There are 4 protein chains.
Amino acid sequence: MKNQKPKYHQIIEAAVKVIAENGYHGSQVSKIAKEANVADGTIYLYFKNKEHILVSLFEVKMGEFINQIAKAIEESDAASDQLYTLIKMHFRQISSDYYLAIVTQLELRQSNISLRLQINQVLKPYLTVIDGIIQKGMEQHQFGKDLNIPLVRQMIFGTLDEIVTNWVMKEQKYNLVEMAPEVHRMLVNALSK
Amino acid sequence: MKNQKPKYHQIIEAAVKVIAENGYHGSQVSKIAKEANVADGTIYLYFKNKEHILVSLFEVKMGEFINQIAKAIEESDAASDQLYTLIKMHFRQISSDYYLAIVTQLELRQSNISLRLQINQVLKPYLTVIDGIIQKGMEQHQFGKDLNIPLVRQMIFGTLDEIVTNWVMKEQKYNLVEMAPEVHRMLVNALSK
Amino acid sequence: MKNQKPKYHQIIEAAVKVIAENGYHGSQVSKIAKEANVADGTIYLYFKNKEHILVSLFEVKMGEFINQIAKAIEESDAASDQLYTLIKMHFRQISSDYYLAIVTQLELRQSNISLRLQINQVLKPYLTVIDGIIQKGMEQHQFGKDLNIPLVRQMIFGTLDEIVTNWVMKEQKYNLVEMAPEVHRMLVNALSK
Amino acid sequence: MKNQKPKYHQIIEAAVKVIAENGYHGSQVSKIAKEANVADGTIYLYFKNKEHILVSLFEVKMGEFINQIAKAIEESDAASDQLYTLIKMHFRQISSDYYLAIVTQLELRQSNISLRLQINQVLKPYLTVIDGIIQKGMEQHQFGKDLNIPLVRQMIFGTLDEIVTNWVMKEQKYNLVEMAPEVHRMLVNALSK
DNA sequence: TATGAATGAGCCTTCATTCAT
DNA sequence: AATGAATGAAGGCTCATTCAT
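Conventions used here
- Residues numbered from 1 in each chain as written.
- Chains lettered and ligands numbered in written order.
- Predicted model: local features only at pLDDT ≥ 70, side-chain atom pairs only at ≥ 80, totals over all residues.
- Heavy atoms only, no water.
- Helix = DSSP H or I, 4+ residues; strand = E, 2+ residues; numbered from the N terminus.
- Buried < 20%, exposed > 50% of the residue type's maximum accessible area, 1.4 Å probe, protein only.
- Contact = heavy atoms within 4.5 Å.
- Areas by Shrake-Rupley, 256 points an atom, 1.4 Å probe, with all protein chains shown as cover.
- Lys, Arg positive; Asp, Glu negative; His and termini not counted.
- Charge placed at Lys NZ, Arg CZ, Asp CG, Glu CD.
- UniProt positions renumbered as here; feature names shortened; annotations may be inferred.
- Core = buried A, V, L, I, M, F, W, Y, C linked by side-chain atoms within 4.5 Å.
- Near = heavy atom within 4 Å.
- Polar contact = N/O pair within 3.5 Å; in protein donor to acceptor, adjacent residues only side chain to side chain.
- Buried area = accessible area lost by both parts, 1.4 Å probe.
- Nonpolar A, V, L, I, M, F, W, Y, C, P; charged D, E, K, R; others polar.
- Least-squares fit on C-alpha atoms with pLDDT ≥ 70 in both.
- pLDDT = per-residue confidence, 0-100.
- Salt bridge = Lys/Arg side-chain N within 4 Å of Asp/Glu carboxyl O.
- Axes fitted to C-alpha atoms, helices over the stretch in contact; angles between N-to-C directions.
- Parallel < 35°, antiparallel > 145°, perpendicular 65-115°, else oblique.
- Left-handed = near helix turned anticlockwise from the far one by under 90°.

By the naming in an unreviewed UniProt entry, chain A goes by TetR family transcriptional regulator and is assigned to Oceanobacillus jeddahense.

The number of helices and strands found in chain A is nine helices and zero strands. Along chain A, helices (α) and strands (β) appear in the sequence α-α-α-α-α-α-α-α-α when read from the amino end. Counting only C-alpha atoms, chain A reaches 60 × 35 × 35 Å along its principal axes. Relative to its 193 residues, chain A shows a buried fraction of 55%. Contacts in chain A between residues at least 24 apart in sequence constitute 72% of all its contacts with a sequence separation of at least 6. Summing over all exposed atoms, chain A offers an accessible surface of approximately 9,200 Å²; the carbon and sulfur share of this is 51%. Averaging the locations of the 22 positively and 21 negatively charged side chains of chain A gives two centres separated by 3 Å.

Time to look at the UniProt feature "domain: HTH tetR-type" (unreviewed entry) in chain A. Taking the UniProt record as the reference, the feature "domain: HTH tetR-type" (unreviewed entry) is found at residues 5-65 of chain A. In this annotation, residues 5-65 of chain A is assigned 77% helix and 0% strand; the end-to-end C-alpha distance for the span is 20 Å.

Phi at His-141 of chain B takes a positive value of approximately 60 degrees, unusual for a residue other than glycine. Backbone geometry at Asn-37 of chain C places phi at a positive 60 degrees, although glycine is not the residue there. Relative to the assigned elements, Asn-37 of chain C resides in the loop between helix H2 (29-35) and helix H3 (40-46). In this structure Asn-37 of chain C comes out as exposed when scored by relative accessible area, which is 69%.

Once that is clear, we can look at the nonpolar core. If you look at the biggest cluster of nonpolar residues, it comprises 148 residues, and the most contacted ones within it are Phe-91 of chain A together with Phe-91 of chain B. The next biggest cluster of nonpolar side chains, apart from the first, holds 147 residues, and it includes Ala-14, Ala-79, Leu-108 and Leu-147 of chain C.

Our next topic: the protein's contact with DNA strand E. If you check the shell around DNA strand E, you find 28 residues, and the closest are Thr-42 and Tyr-46 of chain A, Lys-7 and Thr-42 of chain C together with Gln-28 of chain D. In DNA strand E, the atoms that sit within 4 Å of the protein are 68% sugar and phosphate, with bases accounting for the remainder. The separation between a phosphate oxygen of DNA strand E and a polar main-chain atom of Ala-39 of chain C is 3.0 Å. A distance of 2.5 Å separates a phosphate oxygen of DNA strand E from a polar side-chain atom of Thr-42 of chain C. Among the elements of the structure, helix H3 (40-46) of chain A, helix H3 (40-46) of chain B, H3 of chain C together with helix H3 (40-46) of chain D are those that each provide at least two residues to the surface near DNA strand E. Tallying contributions element by element places H3 of chain C first for the surface near DNA strand E, with five residues.

This paragraph deals with the arrangement of the chains. A gap remains between chain B and chain C, with no contact made and the closest C-alpha atoms lying 31 Å from each other. The two partners chain B and chain D share no contact, and the minimum distance between any of their C-alpha atoms is 14 Å.

What follows concerns the interface of chain D and chain C. How big an interface is tends to be expressed through the accessible area that disappears when the partners come together. Contacts between the two partners involve 35 residues from chain D and, on the opposite side, 34 residues from chain C. When the buried surface of chain D facing chain C is broken down by residue, Leu-151, Gln-154 and Met-186 of chain D rank first, second and third, together holding 22% of it. Those elements giving two or more residues to the side of chain D that touches chain C turn out to be helix H6 (98-107), helix H7 (113-139), helix H8 (149-169) and helix H9 (180-191) of chain D. By residue class, the composition of the side of chain D that touches chain C is 15 nonpolar, 13 polar and seven charged.

Moving on, we come to the relation of the copies chain B and chain A. Placing chain B over chain A gives an RMSD of 0.2 Å and needs a rotation angle of 179 degrees, together with 0.2 Å of translation along the axis. These values place the two chain copies in the arrangement generated by a two-fold rotation axis. Looking at chain B, 100% of its interface residues are interface residues in chain A too, so the copies touch through the same face.

Around DNA strand F sit 28 residues, and of these Lys-7, Thr-42 and Tyr-46 of chain B together with Thr-42 and Tyr-46 of chain D come closest. Within 4 Å of the protein, the contacting atoms of DNA strand F are drawn from sugar and phosphate to the extent of 69%. Note that a phosphate oxygen of DNA strand F is positioned 3.0 Å from one of the backbone N or O atoms of Ala-39 of chain B. Here a base nitrogen of DNA strand F and a backbone polar atom of Gly-41 of chain B are 3.1 Å apart. Among the elements of the structure, H3 of chain A, H3 of chain B, H3 of chain C together with H3 of chain D are those that each provide at least two residues to the surface near DNA strand F. Residues belonging to the surface near DNA strand F are distributed by class as follows: twelve nonpolar, ten polar and six charged.

On average, chain A scores 92 in pLDDT, and the residues at 70 or more come to 98%. Within chain A, helix H5 (residues 79-96) of chain A carries the highest mean pLDDT (97), whereas helix H7 (residues 113-139) of chain A carries the lowest (91).

All chains considered together, the criterion is met by 20 salt bridges over all chains. Its salt-bridge partner being Arg-109 of chain A, residue Asp-161 of chain A comes within 2.8 Å of it at the nearest N-O pair. Placement of the pair is Asp-161 of chain A in helix H8 (residues 149-169) and Arg-109 of chain A in the loop between helix H6 (98-107) and H7, with a sequence separation of 52 residues. Of the residues examined, Asp-161 of chain A reaches a relative accessible area of 11% and is grouped as buried. When the shortest N-O distance is used, the salt bridge between Asp-131 of chain C and Arg-153 of chain C registers 2.9 Å. Highlighted residues: Asp-131 of chain C in helix H7 (residues 113-139) and Arg-153 of chain C in helix H8 (residues 149-169), separated in sequence by 22 residues.

Quick look at the side chain of His-184 of chain C now. Mapping His-184 of chain C onto the fold places it in helix H9 (residues 180-191). Contact partners of His-184 of chain C, with chain neighbours within four places excluded, come to Ser-80, Leu-83, Tyr-84 and Ile-87 of chain C.

Here we take up the relation of the copies chain D and chain C. The operation relating chain D to chain C is a screw motion whose rotation component is 179 degrees, with 0.2 Å of axial translation and a residual RMSD of 0.3 Å. Comparing interface residues between copies, 97% of those in chain D also lie at the interface in chain C; the contact surface is shared.

Taken together, the 34 residues of chain B in the interface contact 35 residues of chain A. In this assembly, chain B packs against chain A so that about 2,800 Å² is buried in total across both faces, 60% of it on carbon and sulfur atoms. Counting across the interface, chain B meets chain A through zero salt bridges. Applying the counting rule to chain B against chain A returns seven residue pairs in polar contact (both at pLDDT 80 or more). Mapped by element, the contributors of at least two residues to the side of chain B that touches chain A are helix H6 (98-107), helix H7 (113-139), helix H8 (149-169) and helix H9 (180-191) of chain B. The leading source of residues in the side of chain B that touches chain A is H8 of chain B, at eleven residues. Grouping the amino acids of the side of chain B that touches chain A by side-chain chemistry returns 15 nonpolar, twelve polar and seven charged.

With that settled, consider the packing of H5 of chain A against H7 of chain A. Residues and elements named next belong to chain A. Direction vectors running N to C along H5 and H7 enclose 155 degrees, while the axes themselves pass 8 Å from each other. Judged by the inter-axis angle, H5 sits roughly antiparallel to H7. The handedness of the crossing between H5 and H7 is left-handed. Between H5, through Ala-79, Gln-82, Leu-83, Leu-86 and His-90, and H7, the contact on the second element is made entirely by Tyr-126, Val-129, Ile-130, Ile-133, Lys-136 and Gly-137. Across the contact of H5 with H7, the residue classes break down as seven nonpolar, three polar and one charged.

Written as C-alpha cells, this is what we have:
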C-alpha cells in the first residue's frame, strides 16, 4: 500500500519531522532530503519546488484529517451529535500527532501568502463539512433557524483553532480531548435560538 | 513627550505602510528606511534589530487598541454590555485602519516563532480584559457559574480573530461592524447556563 | 554499415534539432534523449559524455561538408575556379540546412575551450583544402607568388565565416549563394599580385 | 580620475584577470570579488547581475578600443591610409593586453545568446567606423565604386577577427603587428576595381 | 543492449547589520 | 545623531552521469 510512491511519502514524513524540530525557517531542503534518506535532487523528482513539498504535506495530512472526521460524522444523524463528533475528532487527531500539530498550527503559518492561500484551499472541504452541520442543525430545528452560516462557521473554526493552537503552544500540558464536551456545550448554546 | 522621539514613530508608521503594501517578506529594512526618510543605519539607533521594529509596532498599535477598548468598557457595568462593547470596538478599530489590519491579521503572522511569542505577550493585556468580563459575568450571574475561563477566552478571541481575518482576506467586501450584534448574541448564548 | 549504428545517428540528428530549437545552454542530455527516442542512459552507450556528442556531431556534419566541397573542387583545375567553387559550395550547404547552420555558426561556439579546440581539429581538413587552393594559385601564377599562406587562409576563412554568421543571425533574410560571385571577386583581387 | 567609481573599475579589471586565468565557466562571482578585494555583495552595488559585469567589461574596454582607433584614423585623409591605421591599431591594441585579448576573443564568446546580442550592440560603432572608411574610399576613387558595403565590412572584420583569434589561440607565438602591412595590402587589393 | 530513477556537486544573489565618517 | 557604502553568510535548484535491473 504505502509502497506506492514510497519516496513521495518518505519525503513528506521527513518534512513533518524536520519542520517540527527545526521550525519553518530552519528547514532547508537538504535537511529534509537527509532525513528522508534521499539525495537533494531526488526531492525535485517528486516535488516542483520547496513550497510544493509543504502544500503537498498539508494536502495529504489534511486530507486524512478531514476524511476521518467526515466518516465519523456519518454515524450520527443529529447535528448536535455531529458537531460533538467533529470537535472530539479534531482534538483527538491533533493530540495523536504532536509533530504534525506543531507543523500545521505553528510552523506552516509562517509561510508566505502564496502558500497560505493554497493552504486555505485545502481547508475548504473541512469548512464545507462544518457548513453542512450548521445547515442540518437548522433544518432539524436543533439550532436557531436564521443563522448566518459563514459567521457561525468562523466562530466554530476560530474557536477550535484557537484552542488547539494554545494547547500546542503550551506544549500540551493538559488533555485536549477532555475539553471537547465543554466546548461542544458552549457552541451548541451559541447556536440555539 | 513622545514627540521627542519623532523618528521612532516615523519608522513604525513607515513599517506599517511598507508591510501592508509589500507583504512581510517584501519588507526589507532599507525599504522601511526609505519610506521613513531616514538612512538604513538610523533604524538601528532606535531599534535593536528588524524583529524589534515589528514587536514595537505591535506594542504601540496594540497598546492603543487595548486602551481604547478598556476605556470604552468602563462605561458599562453589565458583563454582557461590556462584551458587546468589546466586540464592537474590536471590529470598529480594525475597520478604521485597513493597512494596520492587513499587517496584524495577515503579515505579522508570517514572522518566526520568537516574534510570535513576543506578540503573544503584547496580546496578554487584551486577553486579561476578556478574562475580566468573563469573571464579572459569572459574578453577576449573567453567564454560567462554572465557566472554564481560559477556554471561554479562547473561544471569544478565536471567534473574533477568525471573523476579522476572514474579513481582511475577503478584502473588506462587507461591513464588519454590522456583524457585532449577531456575534454578541451567539457568544452570550454560549456562556449562559 | 552506418545503418548498423542507427541509434548513434538518431542521437546526433536529435542533438542538431534540440540545439537549434533550444540553444546550446537549453539542450540538456535528457532533452536530446527524448528527441532521439532513447533513454538518457542509452546516450552513454554511444558517447562518452555530452561534449562527445557535440564533437561527434561536428565531425559527422563537417565531414560531409568538406567531402562535398573537396569533391566539387576536383572538377576544376584553375585555382581561381576552385576558390569560386569552394565559396559557392560553402554558402550553398549552409543555406540548405538552416538548423545545422544555427548549430555550427552560433550555438556550438558557446561551448567551452576544450570543445572549441576539438572543433578546430575537425576544421583542419577544410583549412587544408583552402591551403591547397592558395598553393595551386601561386604555382599557376594566378595569385601573387609570395603569399603568406596561413594569413591568406585566415582571410578567406574569416571572411566566409563572418558572412555566413551574419546571414544566420539576420535570419537568412537574403540569398546567401548570390553573394558568392562578389565575394569571389574580392578574394581573388586580394590575392593577385 | 580613476578614483571616480574606483570599485566599479576594480571589479572590471578583476573580471578580466579572473576570466583570462580561469575561463568563462570557471569564473564565479566570488572569485571575481576576491580578486577585486571586495565582498561578494559589493559586486551587486555596481552591477545588476553577473552578466552585467561582462557586458560592462566589454563596453568599457571596447569603448576605449574604438575611441583609440577612431582618433588615430582622423589623422589621415586617404581611405587606404585610414584602413592601414585601423588594422595596425587593432593588432597593436590586442597585442598590448593579452589578458583582455583572451577574454574578448575566446572566453566571452562562450556566453549565452543574450550576452552575445548585447556584445554585438557594443561592436556596432566599430563596424560603423569600418563602413565610413569604405564609403570614403569609394568617394575618393581609391576603392571600386559599387562595393556592397555590408559585405565588404564583413570581409574586413572577419579577416581581422580570424587573424587575431588565431594569434591568441596560438598563444601569441609571433608578432601580430608585423602582419599589418600584408593584411592591408590584401584588403586594399580586394577593394580595388 | 537498454532503461530511467537516483545522485550530489556547484553557484548566484539577497539583505540584515556594521562602522568609518 | 545620522549616514549609506560595504559586508558575507546562507540555500534552493539544475543536470550530467551512474548503475541496478
